Protein chains: 2
Amino acid sequence: MKSFIKVAPDSHFPIQNLPYGVFSTSNEDNPRVGVAIGDYVLDLSILEEKGFFKEIIARENAVFNKSSLNSLMQLGRDSWVGVRKKVQKLLSEDEPQLRDDEEIRKQVLFPMKEVILHLPVEIGDYTDFYASKEHATNVGMMFRGKENALMPNWTYLPVGYHGRASSVILSGTSIRRPLGQIKLPNHSPIFRSTRQLDFELEMGCLIGVGNKRGEPIPIEEAEQHVFGMVLVNDWSARDIQSWEYQPLGPFLAKNFATSISPWVVPMEALEPFRVTGPIQDPKPLEYLEQSIPSSFNIQLEVYLRSKKMSAPKRICLSNYRYLYWSMAQQIAHHTIGGCDLNPGDLLATGTISGSEKDSRGCLLELTWRGKEPISLSEQEQREWLEDGDEVTMTGWCQGDGYRVGFGEVTGVIEPALDAEHVLQRKHQRI
Amino acid sequence: MKSFIKVAPDSHFPIQNLPYGVFSTSNEDNPRVGVAIGDYVLDLSILEEKGFFKEIIARENAVFNKSSLNSLMQLGRDSWVGVRKKVQKLLSEDEPQLRDDEEIRKQVLFPMKEVILHLPVEIGDYTDFYASKEHATNVGMMFRGKENALMPNWTYLPVGYHGRASSVILSGTSIRRPLGQIKLPNHSPIFRSTRQLDFELEMGCLIGVGNKRGEPIPIEEAEQHVFGMVLVNDWSARDIQSWEYQPLGPFLAKNFATSISPWVVPMEALEPFRVTGPIQDPKPLEYLEQSIPSSFNIQLEVYLRSKKMSAPKRICLSNYRYLYWSMAQQIAHHTIGGCDLNPGDLLATGTISGSEKDSRGCLLELTWRGKEPISLSEQEQREWLEDGDEVTMTGWCQGDGYRVGFGEVTGVIEPALDAEHVLQRKHQRI
């Protein structure tokens, strides 16, 4: 399958992908829904207005002239598939409707470098899992010692916790180093900025259609509820985390920022890359048993660039398929007690680490809690993130001559607020 | 201060209270904002339409003909105070405008027993704290033993975690007993319904105006961001919790349901009941230090009624003032790392227990994990909640001849789904 729009073989956005995003332009600043194709964005709101989707979406239910994908997501899988087929046809090299109509092409196709991208989804609730066995084992060893590394529950259920939905932000937003309580050995806790700022390489699925409260989603239906996937960087402050996290889990160590990539890749585009996940031993309980291959072969990379570096350096090479607990298992578990999922909910995987040292998905693991710094150049090494560092994650599925990619999620570290100034501000207000 | 509407001395809703809620009537089913006064609901949407609030809220910003309080909450404290003063004046015994106009009274006053109440707020994010020292100590002793009861961080920071916003439901909604993974000693985990279903007596504050991401709220400003308070029952499944909760905190044990009371009591109504909280030792870090009394004297009660009982029995008598960490400290801590709060966010306190045995705010503590059942009648006792049990929480501040009350939050336990049926359903769909 090919598009009349030229797409480079290493582009993330060929006609096989067609991810959804929300964008605006300098001429028209209302955010609206578009699809990425090569180096262009296709404006679905104008196509909808012109009646291109009228067999799929009734005019009174228009979903594309909106500032988020939520309206489209609520329509359900039949509509998602219908829209995707229609867009794929409109963009294909054999279809003259857009190809041969320069006038309409000018109205609906925008060079990607000229558009402004927005957070694509209004996040309802955000859940973060802990689905990588290698990550959970490594973190457990560092935080609790070798004997208590993997908790006894870990191999029986996909451990997860609720994150902060309001902290989910768009790729490119800068990350201010947080202040918080830090506990150093043999000292009372102090108030200062984190010295152990970290990234976490994750992916997330976005729920399209949810379930009613009290009605669990059977595992074999679980993927049908997913609209698409994004890259996720779950920024973390490890010194804040290790002091605060017991017994109720991470809180301020995580809720200052979680970045997601702007393009939501539909599940249909990932289908050719479905693979079997790791063998699960012990065998999961029946409500978590799945009959089809449950993972996807998505290559993942993390790049770091300091202020001094002209080009970023790759510091991690991982793969979504390393995850022990699948997306379907996460959804089936999440709802088994009656919890309702809703359109726009984000379910992230937790850090995706593999068994190789360079496949570890965060600095906590890569530097073994700062004990083994990684080298960035002859002049620079890193234990933790420093001000001005830029972290970029990317990921794609490699097809035969094309890539189904996720673009990137990126963010630069800004210096913390001055702790003294924050306290002074308090006194001024009294 | 008195209203022309007769209000009994033990009513929760005198003119000194005036809590906000969302209601509809059989004649007009659009949910809209009202205020409780005695046994009546005052319809603010009609008063707004008639121009009664035009000096406070511009007509184009109308906030009362809405299905949630969020629009009002976003206006900020000056508007909240302005509306409250206006409503207080309109309802006072000296003010003829409503008192002497039977026609308008018929349009705007509805007997409370005839209205349908709705969830008053669109919850953005939901955070649950763990602010009672007695509760944290008791739970810690049962889950981790006497030595590790109170974690070392507990006296330095208000421990909290993110809850599930979509699980927040209105008082009166029935609670289905959840299914989940249960781990019995010397057995592999099994899939069945919880046998340790519990309530948690909590209160919650609702954020009116939030803060920008990256800009902490100084503690002395914190209460200014709070629109009002409600009663909260954080239903919990203790057997699911004890198996799943390490290391990331409670998840399915809590996210099946959290009930809140329908009337939001404004902070202004609580001001006369401000009291000093417990002495804090060690002294909190500066960003958590507060110069004014930081608690409120709110008497709290829990009642339980089984299917066999004709009247409920009081099983807990507690008080908001027992909480170690104040609302202002919770807000200052929540935002100190840059986390943004937003209109509609719910911050719950965690279980409110005191030092007396009957002041413990959940069955886990009251029955000491089922070892010391409580007696309901000569025929019945309880270790945990059983199907058909109705749990009702209530709370009020006692003034001189009046009460500022929260009404109640109530819920009945429904039987679990049949676990076998849930698994069969899975197979039917394959």
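Residues numbered from 1 in each chain as written. Chains lettered and ligands numbered in written order. Predicted model: local features only at pLDDT ≥ 70, side-chain atom pairs only at ≥ 80, totals over all residues. Heavy atoms only, no water.

Chain A has the name fumarylacetoacetase in an unreviewed UniProt entry, where Bacillus aquiflavi is given as its organism. Looking at chain A in UniProt, the text filed under Pathway (unreviewed entry) is "Amino-acid degradation; L-phenylalanine degradation; acetoacetate and fumarate from L-phenylalanine: step 6/6." The record held by UniProt for chain A lists under Sequence similarities (unreviewed entry) the comment "Belongs to the FAH family." (UniProt positions renumbered as here; feature names shortened; annotations may be inferred.)

Note: most peptide bonds trans; most residues except glycine with negative phi. That bond from D281 of chain A to P282 of chain A is cis: its omega, 10°, falls within 30 degrees of zero. Here P282 of chain A is to be found in the loop between strand 18 (274–275) and strand 19 (295–296). P247 of chain B follows Q246 of chain B through a cis peptide bond whose omega is 0°. Not every positive phi belongs to a glycine, and L18 of chain A is a case in point at roughly 60°. (Helix = DSSP H or I, 4+ residues; strand = E, 2+ residues; numbered from the N terminus.)

Moving on to the relation of the copies chain A and chain B. Note on the copies: chain A fits chain B at an RMSD of 0.0 Å, the axial shift is 0.0 Å, and the rotation between them is 180°. The relationship between the two copies is best expressed as a two-fold rotation axis. Distance from the rotation axis, computed per C-alpha, reaches its smallest value in chain A at G249 of chain A: 2.2 Å. Mapped onto chain B, 100% of the interface residues of chain A are again interface residues, and the two copies thus contact each other with one and the same surface. (Least-squares fit on C-alpha atoms with pLDDT ≥ 70 in both. Contact = heavy atoms within 4.5 Å.)

All right, on to the sheet that holds strand 5 (residues 116–118) of chain B then. Residue and element names in this part refer to chain B. Taken in spatial order, the five strands line up as 4-3-2-1-5 in an open sheet, and their pairing is antiparallel. Of all strands in the sheet, those bounded by a partner on one side alone are strand 4 (109–111) and strand 5. The sheet shows a mean angle of 45° between the axes of neighbouring strands, direction not considered. Direction of pairing for strand 1 (residues 20–24) relative to strand 5: antiparallel, over a ladder of three bridges. (Pairing = 2+ DSSP bridges. Axes fitted to C-alpha atoms, helices over the stretch in contact; angles between N-to-C directions.)

Take the UniProt feature "binding site: substrate" (unreviewed entry) in chain A next. Sites flagged by UniProt as "binding site: substrate" (unreviewed entry) map to Y130, R144, Q241, Y245 and T351 of chain A. Positionally, Q241 of chain A belongs in helix 7 (residues 238–244). In contact with Q241 of chain A, other than residues within four places in its own chain, are F143, S236, P250, A253 and K254 of chain A. Its place among the elements puts Y245 of chain A in the loop between helix 7 and strand 16 (258–260). With near-sequence residues (within four places) excluded, Y245 of chain A lies in contact with F143, R144 and P250 of chain A together with N153 and P247 of chain B.

Residues and elements named next belong to chain A. Taken domain by domain, chain A consists of domain 1 (20–118) and domain 2 (126–421). With 19 residues of domain 1 at the contact, the number on the domain 2 side is 19 residues. Taken over both partners, the interface formed by domain 1 and domain 2 buries close to 1,600 Å², and the fraction arising from carbon and sulfur atoms is 69%. Together, Y20, M73 and R77 form the three largest contributors to the area buried by domain 1 at its contact with domain 2, with a combined 40%. Applying the counting criterion to the domain 1 and domain 2 interface returns one salt bridge. Put simply, R77 and E268 hold a salt bridge, and the shortest N to O gap is 2.2 Å. There are five residue pairs in polar contact (both at pLDDT 80 or more) connecting domain 1 and domain 2. (Domains from an automatic or database assignment. Buried area = accessible area lost by both parts, 1.4 Å probe. Salt bridge = Lys/Arg side-chain N within 4 Å of Asp/Glu carboxyl O. Polar contact = N/O pair within 3.5 Å; in protein donor to acceptor, adjacent residues only side chain to side chain.)

Quick look at helix 6 (residues 133–144) of chain A now. Residue and element names in this part refer to chain A. Counted at 1.5 Å a residue, the expected span for helix 6 with its 12 residues is 16 Å, and the 16 Å between its end C-alpha atoms agrees. Buried within helix 6 are the following residues: H135, A136, N138, V139, G140, M142, F143 and R144. Within two residues after helix 6, G145 carries a phi angle of roughly 90°, on the positive side. (Expected span 1.5 Å × (residues − 1). Buried < 20%, exposed > 50% of the residue type's maximum accessible area, 1.4 Å probe, protein only.)

Between chain A and chain B, the contact holds 74 residues from the first and 74 residues from the second. For the pair chain A and chain B, the two sides together bury roughly 6,800 Å², of which 60% comes from carbon and sulfur. The tally of links between chain A and chain B comes to four salt bridges. On the surface where chain A and chain B come into contact, there are 24 residue pairs in polar contact (both at pLDDT 80 or more). Among the elements that take part in the side of chain A that touches chain B, helix 11 (residues 419–429) of chain A stands out by supplying six residues, more than any other. Among the residues forming the side of chain A that touches chain B, the class breakdown is 37 nonpolar, 22 polar and 15 charged. (Nonpolar A, V, L, I, M, F, W, Y, C, P; charged D, E, K, R; others polar.)

Further remarks concern the packing of aromatic side chains. The full count for this structure, using the stated rule, is 28 aromatic pairs over all chains. Centroid distance W243 of chain A to Y156 of chain B: 5.9 Å. Interplanar angle 55°. Geometry classified as tilted. Taken together, the residues W243 of chain A in helix 7 and Y156 of chain B in the loop between helix 6 (133–144) and strand 7 (160–162) connect one chain to another. Here W243 of chain A falls in the buried class, since its relative accessible area comes to 9%. Summarising the aromatic geometry, the rings of Y324 of chain B and W325 of chain B are spaced 5.3 Å apart at their centres and angled 70° between planes, so their arrangement reads as edge-to-face. We note that Y324 of chain B, like W325 of chain B, is buried. Of the aromatic side chains, those joined through ring pairs into one cluster are Y20, W80 and F227 of chain A. The ring of F143 of chain A has R369 of chain A lying over it, and the distance from NZ or CZ to the ring centre is 4.6 Å. (Phe/Tyr/Trp six-rings, centres within 6.5 Å; stacked < 30°, edge-to-face > 60°. Lys NZ or Arg CZ within 6 Å of the ring centre and 35° of its normal.)

Bringing the pattern of salt bridges into the picture now. Per the counting criterion, the structure on display carries 38 salt bridges over all chains. One salt bridge in this structure joins R382 of chain B and D389 of chain B, with 2.7 Å as the shortest N-O distance. Here R382 of chain B and D389 of chain B have matching classes, each one buried. What you see here is one network of salt bridges that share partners, running through D198, E200, D234, R238 and K254 of chain A.

All names here are of chain A. What you see with strand 6 (residues 126–129) is no split at all: Y126 and D128 on one side and T127 and F129 on the other are buried throughout. The pairing of strand 6 with strand 22 (residues 346–348) spans three bridges and is parallel. Paired with D128 across the two strands is A348, which belongs to strand 22. Here three bridges tie strand 6 to strand 7 (residues 160–162), and the two strands are oriented antiparallel to one another. Bridging across to strand 7, D128 finds its partner in Y161.

Our next topic: the UniProt feature "binding site: Mg(2+)" (unreviewed entry) in chain A. Residues and elements named next belong to chain A. As recorded in UniProt, the sites labelled "binding site: Mg(2+)" (unreviewed entry) are D234, K254 and T258. A stretch of 25 residues holds the annotated residues, and the largest C-alpha distance among them is 7.6 Å, short enough that they meet in one place. Looking at where K254 falls in the secondary structure, it is placed in the loop between helix 7 and strand 16. K254 has contacts with Y161, S167, E200, D234, W235, S236, R238 and Q241, leaving out every residue within four places of it along the chain. As for its position among the elements, T258 is in strand 16. Non-local contacts of T258, meaning those with residues more than four positions away in its chain, are made with Y126, S167, V168, I169, V232, N233, D234 and W235.

The next point concerns the sheet that holds strand 26 (residues 403–414) of chain A. Residue and element names in this part refer to chain A. Strand order across the open sheet formed by five strands is 9-26-25-20-21, with mixed pairing between neighbours. Two strands in the sheet have a free side with no partner beyond their single neighbour: strand 9 (175–176) and strand 21 (313–319). In the sheet, strand 9 pairs with strand 26 via two bridges, with the strands oriented parallel. Paired with R176 across the two strands is E414, which belongs to strand 26.

What follows covers the confidence of the model for chain A. Reading fine detail from the predicted coordinates is not recommended where pLDDT is low. Residues with a pLDDT of 70 or more make up 99% of chain A, whose mean pLDDT is 96. The secondary-structure element of chain A with the lowest mean pLDDT is helix 11 of chain A, recorded at 77, while strand 16 of chain A shows the highest, at 99. (pLDDT = per-residue confidence, 0-100.)

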